[in-house]
There are 2 protein chains.
Amino acid sequence: MSDDQSKTTHRPRRVTAQTVAEAAGVSRSAVSRAFTPGAYLDAGKRKKIHEVAASMGYQPNALAAGLKGGRSHLVAVFVGNMRSAYDTEFVMALVGKLNALNKWPILIDGADQTTEQAIQQVLRYPLDALILRGGSMQSEIVTHCSKIGVPMISTGRIVEARGVDNVCCRNADGTGLATTTLIQAGRTRFGFIGGPAQFFSSVGRRQGVESALSKAGLQLVAQADGDFTVDTGFKVATALLKKHSLDALVCANDATAIGALAAARDLGIAVPEALSVVGFDDIEMAGWPSFDLSTVCNPIDDAVERVIGLLEQRLANPSKPSETVLIDPYFVPRGTH
Amino acid sequence: MSDDQSKTTHRPRRVTAQTVAEAAGVSRSAVSRAFTPGAYLDAGKRKKIHEVAASMGYQPNALAAGLKGGRSHLVAVFVGNMRSAYDTEFVMALVGKLNALNKWPILIDGADQTTEQAIQQVLRYPLDALILRGGSMQSEIVTHCSKIGVPMISTGRIVEARGVDNVCCRNADGTGLATTTLIQAGRTRFGFIGGPAQFFSSVGRRQGVESALSKAGLQLVAQADGDFTVDTGFKVATALLKKHSLDALVCANDATAIGALAAARDLGIAVPEALSVVGFDDIEMAGWPSFDLSTVCNPIDDAVERVIGLLEQRLANPSKPSETVLIDPYFVPRGTH
DNA sequence: CCCGTATCTGCCCACGTGTGCACATCATGT
DNA sequence: ACATGATGTGCACACGTGGGCAGATACGGG
């Protein structure tokens, strides 16, 4: 009796197909077939099974199903910087799309110190894919995933490796576009505030500014590195604007630009009359009335759609050659230029 | 031969313990033990196995392990509103903590139309727990989870149901605190902008304002409902400020307050000289130089820590009675009051 | 030499499912 | 009546792992 009690109360064991089969008076196979679209099963029996299953709260165990060799429907999503508004907007959009596809995103914080260990642990699941959003993934991990056959899709940073698909914005084109627009409006004394020096996107965006200026016979008056945050944008822009006389400030992302706007206001520099400020990404808050920031749209919906598309193609054909999709950014004129 | 080829190339099958065992010249059990801390195994043999495993990229399959009856280490996280800055900050913090615990968060977008279906699908996995962040979860789903024995932890909204632990902010205390502070500073003509009318947190926060005013012999001059976004905050605040002469505006969250700040500025109302504006949550951007918003901190780290604590307790003792943990908010004085 | 003990290892079962295969049932055409 | 095809169903296996159980080996004491 003590045994019975411990069995029935201590472990409220999950209801299984066998239990449902007994309750419905059919074989376990029939239950399995009842939940498999396209399987041969008498319509009446299928209905009966579904009723019994619903009353007992039965659902086929996805773990067992995934074990059988099919897809696990689990997708790891590695987020380089969870503090960044663009990355979070991106991830949230991606999560919605994956949910709609019945793929289950496991989120991993890439900024944490224990990330490498976490990735190792999560790779114990037979993942359908690993999606990288920005960040600086250890190449060791990429090699590992490639070895165990987990397809990877990188976005925001191009990873040149076997089995890695890429979706990335034409960063240089984006800042080039913005710079050209400002030049045509008569700006000549340009400053640029980047992200961390080695960051993929920061490098591309800087090049875009320099090359557009160079085509017009101009060059950067001043530049500095930030870290993609508002606070640092504020500090770096303050220092830059105090030291140099600029009439245009191109920032590597919107957060930096928003910091720069506050800096200009505090220094009494009129935007956009005396100074144009443009950002990059077009995060939601760039359009808020408080900022009304002119920026370069790094279209999230496009990118997410392409990521999803690549994922589907990859799952349909695992040996498909790797692909790199480039997304076209476009200038969004608002009130700061 | 064609068979061989299809086996070796078409399906790059996952490397299994059996393969490693053969390569290392040991039994499959030995491989399993090599990855099980505390299991009897010759130290040298364990080392050898680890080396071989590393070279082949072997990791024990977590699906199979979870199937065996232990924990799956998967935790579903249901996010009511992915567009809300507070919710995203909360989720990101939660994700980091779960990662550190080797629990794998599966994110589900609660705002999507297909949410109910998605939840049903994800419940096919034997989840360790389901964490609800805000939103209005169908009670049907709560009942279902309770039936199949998946523990739930709700945060941001108190769910009274069997098997649901709660972590929630003392919303009324928070706005009460802010209101009292403004009264002591001499404010008398109060307005309040809430969230959607039926929202749990909005109701509590409104009550806090009304009760604090009532204690001081005052009452609300004007109030309206928003939807917790900046844009709507701007519109609603504009309407409110045009119609009524207020000297204090309490907003149900920071986004609404940020919209209200822009509205006041556009209407030429000086903040904080002629009007105090306070928000709720203390999201990161409330502290940005552009806003410098006085607000009520709804401490994320505290709440996440309590959620994690409840999760650990629940896993250690599944029959532990449900618990409701209340978090104390506190006023954060900045530049808008 | 024998026995007890401590340490190590292999066999085998259970976990819950999907599905190939063989078989059963039944309607239909000749 | 019999062959044939269509439709439905149960058996049994495989998926990859953890761990219980018993057997093997080594070692030391009597």
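Note that this is a predicted model, so its numbers are computed, not measured.

### Concerning the interface of chain B and chain A
How large an interface is tends to be reported as the accessible area lost when its parts come together. Listed per partner, the contact involves 55 residues of chain B and 55 residues of chain A. The junction of chain B with chain A conceals about 5500 Å² of combined surface from both sides, 64% of it contributed by carbon and sulfur atoms. Considering only the surface of chain B that becomes buried against chain A, Leu 63, Met 92 and Arg 124 of chain B emerge as the three largest contributors, covering 14% of it. At the boundary of chain B and chain A, one finds 0 salt bridges. Counting across the interface, chain B meets chain A through 18 residue pairs in polar contact (both at pLDDT 80 or more).

### Quick word on the packing of aromatic side chains
Residues and elements named next belong to chain A. In the structure shown here, the tally under the stated rule is 7 aromatic pairs over all chains. Centre to centre, the rings of Tyr 86 and Phe 90 are 6.3 Å apart; their planes meet at 45 degrees, and the pair counts as tilted. Of this pair, Tyr 86 and Phe 90 both sit in helix α6 (residues 85-100), 4 residues apart, roughly one helical turn. Residue Tyr 86 is classed as buried on the basis of its relative accessible area of 5%. Phe 90 sits in the buried class, given a relative accessible area of 1%. Here the aromatic rings of Phe 199 and Phe 228 are separated by 6.0 Å at their centres, their planes lie at 70 degrees, and the arrangement is edge-to-face. Within this pair, whereas Phe 199 is found in the loop between β6 (190-194) and α10 (200-215), its partner Phe 228 is found in the loop between β7 (222-225) and α11 (230-243), the two being separated by 29 residues in sequence.

### Let's talk about the nonpolar core
If you look at the biggest cluster of nonpolar residues, it comprises 105 residues, and the most contacted ones within it are Leu 94, Leu 107 and Leu 249 of chain A together with Leu 94, Leu 107 and Leu 249 of chain B. Core analysis: the second largest hydrophobic core is formed by 48 residues, Leu 63 and Val 142 of chain A together with Tyr 125 and Ile 141 of chain B among them.

### Thoughts on the relation of the copies chain B and chain A
Rotating chain B by 180 degrees and moving it 0.0 Å along the rotation axis overlays it on chain A with an RMSD of 0.1 Å. Classification of the inter-copy transformation places it as that of a two-fold axis. Residues of chain B ranked by C-alpha distance from the rotation axis are headed by Ile 106 of chain B, positioned 2.3 Å from it. Comparing contact sets, 98% of the residues at the interface of chain B also lie at the interface in chain A, consistent with an isologous, same-surface contact.

### What to know about the protein's contact with DNA strand C
DNA strand C sits among 24 residues. The nearest are Ala 17, Arg 28 and Ser 32 of chain A together with Ser 27 and Arg 33 of chain B. In DNA strand C, the atoms that sit within 4 Å of the protein are 51% sugar and phosphate, with bases accounting for the remainder. The contact in question runs from a phosphate oxygen of DNA strand C to an N or O atom on the side chain of Tyr 58 of chain A, over 2.7 Å. One nitrogen or oxygen atom from the side chain of Ser 27 of chain B is found 2.6 Å from a phosphate oxygen belonging to DNA strand C. Broken down by element, the surface near DNA strand C gets its largest block of residues, 4 residues, from helix α3 (residues 28-34) of chain A.

### Quick look at the domain arrangement of chain A
Examined at the domain level, chain A breaks down into domain 1 (2-60), domain 2 (74-170 + 301-328) and domain 3 (171-297). The C-alpha-based centres of domain 1 of chain A and domain 3 of chain A are spaced at 61 Å.

### Some words on the sheet that holds strand β10 (residues 294-297) of chain A
Residues and elements named next belong to chain A. Reading across from one edge, β7-β6-β8-β9-β10-β12 is the order of the 6 strands in this open sheet, with mixed pairing throughout. In this open sheet, the two strands that pair with only one neighbour each are β7 and β12 (330-332). Within this sheet the neighbouring strands show an average axis-to-axis angle of 20 degrees, counted without direction. Alignment of β6 against β7, held across 4 bridges, turns out to be parallel.

### Here we look at helix α6 (residues 85-100) of chain B
Residues and elements named next belong to chain B. In a regular helix each residue adds 1.5 Å, so 16 residues correspond to 22 Å; α6 covers 23 Å between its end C-alpha atoms and thus fits that length. In terms of burial, α6 is largely enclosed, as 13 of its 16 residues are buried. Measuring from the backbone nitrogen of Tyr 86 back to the side-chain oxygen at the start of α6 gives 3.3 Å, which picks out Ser 84 as the cap. Following α6 by one or two positions, Asn 102 adopts a phi angle in the positive range, close to 60 degrees.

### Re the protein's contact with DNA strand D
Lining the immediate environment of DNA strand D, one finds 24 residues, of which Ser 27 of chain A together with Arg 13, Ala 17, Ser 32 and Tyr 58 of chain B sit closest. Sugar and phosphate atoms constitute 52% of the interface atoms of DNA strand D, taking the interface as everything within 4 Å of the protein. Measuring from a phosphate oxygen of DNA strand D, one finds a side-chain N or O atom of Ser 27 of chain A at 2.7 Å. Within the side chain of Arg 33 of chain A, an N or O atom sits 2.8 Å from a base oxygen of DNA strand D. Contributions of two or more residues to the surface near DNA strand D are made by α3 of chain A together with α3 (28-34) of chain B.

### Notes on helix α2 (residues 17-24) of chain B
All names here are of chain B. Looking at α2, one finds that the buried residues are Ala 17, Val 20, Ala 21 and Ala 24. Buried residues in α2, looked at end-on, bunch into an arc of 100 degrees, giving them a common side. In this fold, the buried residues of α2 make contact with α3 and α4 (43-56). Residue Gly 25 follows α2 closely and has a positive phi angle near 70 degrees.

### As for the sheet that holds strand β12 (residues 330-332) of chain B
All names here are of chain B. Ordered by their spatial adjacency, 6 strands build an open sheet running β7-β6-β8-β9-β10-β12, and the pairing between neighbours is mixed. Looking along the sheet, the strands with just one partner apiece sit at the ends: β7 (222-225) and β12. Strand-to-strand twist in this sheet, taken as the mean axis angle between neighbours without regard to direction, amounts to 20 degrees. Both strand β6 (residues 190-194) and strand β8 (residues 248-251) contribute to a ladder of 4 bridges, which runs parallel. Residue pairing for β8: Gly 191 is matched across the bridge by Leu 249. Lying over the sheet, helix α12 (residues 254-266) contacts β6, β8, β9 (276-281) and β10 (294-297), oriented at roughly 155 degrees with respect to β9.

### Quick look at the pattern of salt bridges
One pass over the structure, following the stated rule, counts 24 salt bridges over all chains. Asp 247 of chain B is the partner of Arg 189 of chain B in a salt bridge, and the nearest nitrogen-oxygen pair spans 3.8 Å. On the criterion of sequence distance, the pair formed by Arg 189 of chain B in the loop between α9 (171-184) and β6 and Asp 247 of chain B in the loop between α11 (230-243) and β8 is long-range, its members being 58 residues apart. Classification of Asp 247 of chain B by relative accessible area gives buried; the value is 6%. What you see here is one network of salt bridges that share partners, running through Asp 165, Arg 314, Lys 320 and Glu 323 of chain A.

### Quick notes on the pairing of strand β1 (residues 74-79) of chain B
Residue and element names in this part refer to chain B. The buried fraction of β1 is high, at 6 of 6 residues. Judged by which residues are buried, β1 turns out to be covered on both faces: Leu 74, Ala 76 and Phe 78 on one side and Val 75, Val 77 and Val 79 on the other are all buried. Bridge analysis of β1 against strand β2 (residues 104-109) gives 6 bridges, and the strand direction is parallel. Residue pairing across strands places Leu 74 opposite Trp 104, the latter belonging to β2. For the segment spanning β1, α6 and β2, crossover handedness is right-handed. One ladder, built from 5 bridges, connects β1 with strand β3 (residues 129-133); its direction is parallel. Considered in β3, the bridge of Val 75 is made with Ala 129.

### Looking at the packing of α6 of chain A against helix α13 (residues 300-316) of chain A
Between two packed helices, the angle of one axis relative to the other and the distance separating the axes together describe the packing. Residues and elements named next belong to chain A. Two numbers describe how α6 lies on α13: the axes approach to 10 Å, and their chain directions differ by 45 degrees. When the interaxial angle is binned, α6 and α13 end up oblique. The handedness of the crossing between α6 and α13 comes out as right-handed. Between α6 and α13, the residues in contact are Tyr 86, Glu 89, Phe 90, Ala 93, Leu 94, Lys 97 and Leu 98 and Ile 300, Ala 303, Val 304, Val 307, Ile 308 and Leu 311, respectively. Across the contact of α6 with α13, the residue classes tally to 11 nonpolar, no polar and 2 charged.

Analysis parameters
Residues numbered from 1 in each chain as written. Chains lettered and ligands numbered in written order. Predicted model: local features only at pLDDT ≥ 70, side-chain atom pairs only at ≥ 80, totals over all residues. Heavy atoms only, no water. Contact = heavy atoms within 4.5 Å. Buried area = accessible area lost by both parts, 1.4 Å probe. Salt bridge = Lys/Arg side-chain N within 4 Å of Asp/Glu carboxyl O. Polar contact = N/O pair within 3.5 Å; in protein donor to acceptor, adjacent residues only side chain to side chain. Phe/Tyr/Trp six-rings, centres within 6.5 Å; stacked < 30°, edge-to-face > 60°. Helix = DSSP H or I, 4+ residues; strand = E, 2+ residues; numbered from the N terminus. Buried < 20%, exposed > 50% of the residue type's maximum accessible area, 1.4 Å probe, protein only. Core = buried A, V, L, I, M, F, W, Y, C linked by side-chain atoms within 4.5 Å. Least-squares fit on C-alpha atoms with pLDDT ≥ 70 in both. Near = heavy atom within 4 Å. Domains from an automatic or database assignment. Pairing = 2+ DSSP bridges. Axes fitted to C-alpha atoms, helices over the stretch in contact; angles between N-to-C directions. Expected span 1.5 Å × (residues − 1). Arc of directions from axis to C-beta. Right-handed = clockwise from strand over helix to strand, strands pointing away. Parallel < 35°, antiparallel > 145°, perpendicular 65-115°, else oblique. Left-handed = near helix turned anticlockwise from the far one by under 90°. Nonpolar A, V, L, I, M, F, W, Y, C, P; charged D, E, K, R; others polar.

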